[in-house]
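So the chains spell out like this:
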Amino acid sequence: MASLQVEGMNEMIHALSKMDLFDDEMQQELLYAAGDIAIREIWERVRTSGFNFEGYKNKIKYSKKIKRDKNDLPYITVTVSGKNENGVRRNLIVFVLNYGRAKEHGQIVGTYFWNRGSDAATPMIRQEFEKIINEKLRERGLQ
């Protein structure tokens, strides 16, 4: 699926880490807030994609386990879980409908709904991060 990265957040995380403010609690709060926003925006695009995604709403989830990339920056994964009634993985179905399928395999024109949802979520996530960080700084008497 499409990757969602919020520009400028790496620098913010490093700055907070240097000030010893990027603790596990803040990390979790930021990433879970980002996950909630991403799911909401992705679901809105999934819902209006023109494909029948009935029963998928509660299947779009983010991992509660916070992972680290090669630069030791934390991240979570948003994906579609489970299988449909025919035993096909839902994330595979969403992937094909998002990106499309070639003519020789039964053409499906992708509508990039997942990508558009991720793109729409990015500025909202940035705003939410700023709000959470400012709130944490105020709580700690640093603003």
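Our subject is the structure that appears above.
Residues numbered from 1 in each chain as written. Predicted model: local features only at pLDDT ≥ 70, side-chain atom pairs only at ≥ 80, totals over all residues. Heavy atoms only, no water.

Enquirer: How do you make sense of the overall build of the protein chain when you look at a structure like this?
Expert: Assigned secondary structure in the protein chain consists of four helices and six strands. Helices and strands appear in the protein chain in the N-to-C order α-α-β-β-β-β-α-β-β-α. Across its three principal axes, the protein chain shows a C-alpha extent of roughly 60 × 25 × 25 Å. If you sum the accessible surface of the protein chain, you get close to 9000 Å²; carbon and sulfur atoms cover 48% of it. Counting 23 positive and 20 negative side-chain charges, the protein chain places the averaged centre of each group 7 Å from the other. (Helix = DSSP H or I, 4+ residues; strand = E, 2+ residues; numbered from the N terminus. Areas by Shrake-Rupley, 256 points an atom, 1.4 Å probe, with all protein chains shown as cover. Lys, Arg positive; Asp, Glu negative; His and termini not counted. Charge placed at Lys NZ, Arg CZ, Asp CG, Glu CD.)

Enquirer: Looking at this structure, I do not really get the packing of aromatic side chains. What am I missing?
Expert: Pairs of aromatic rings are described using the distance from one ring centre to the other and the angle between the two planes. Applying the stated criterion across every chain yields a total of seven aromatic pairs. Taking 6.3 Å as the distance between ring centres and 80° as the angle between the ring planes, the aromatic pair formed by Phe 51 and Phe 53 counts as edge-to-face. Here Phe 51 falls in the partly exposed class, since its relative accessible area comes to 24%. Its relative accessible area of 5% is what places Phe 53 among the buried residues. The interplanar angle of 80° and the centroid separation of 5.8 Å between the aromatic rings of Tyr 99 and Tyr 112 together place this pair among those described as edge-to-face. Of this pair, Tyr 99 sits in helix α3 (residues 90-99) while Tyr 112 sits in the loop between β6 (108-109) and α4 (113-139), and the two are 13 residues apart along the sequence. Given the relative accessible area of 29%, Tyr 99 is considered partly exposed. On the basis of relative accessible area, Tyr 112 is assigned to the partly exposed category, the value being 40%. Among the aromatic residues, those joined into a cluster by ring pairs are Phe 51, Phe 53, Tyr 56 and Phe 113. Sitting above the plane of the Tyr 32 ring, Lys 64 keeps its charged end 4.6 Å from the centroid. Of note, Arg 90 hangs over the ring of Tyr 56, and the distance from its end group to the ring centre comes to 5.4 Å. (Phe/Tyr/Trp six-rings, centres within 6.5 Å; stacked < 30°, edge-to-face > 60°. Buried < 20%, exposed > 50% of the residue type's maximum accessible area, 1.4 Å probe, protein only. Lys NZ or Arg CZ within 6 Å of the ring centre and 35° of its normal.)

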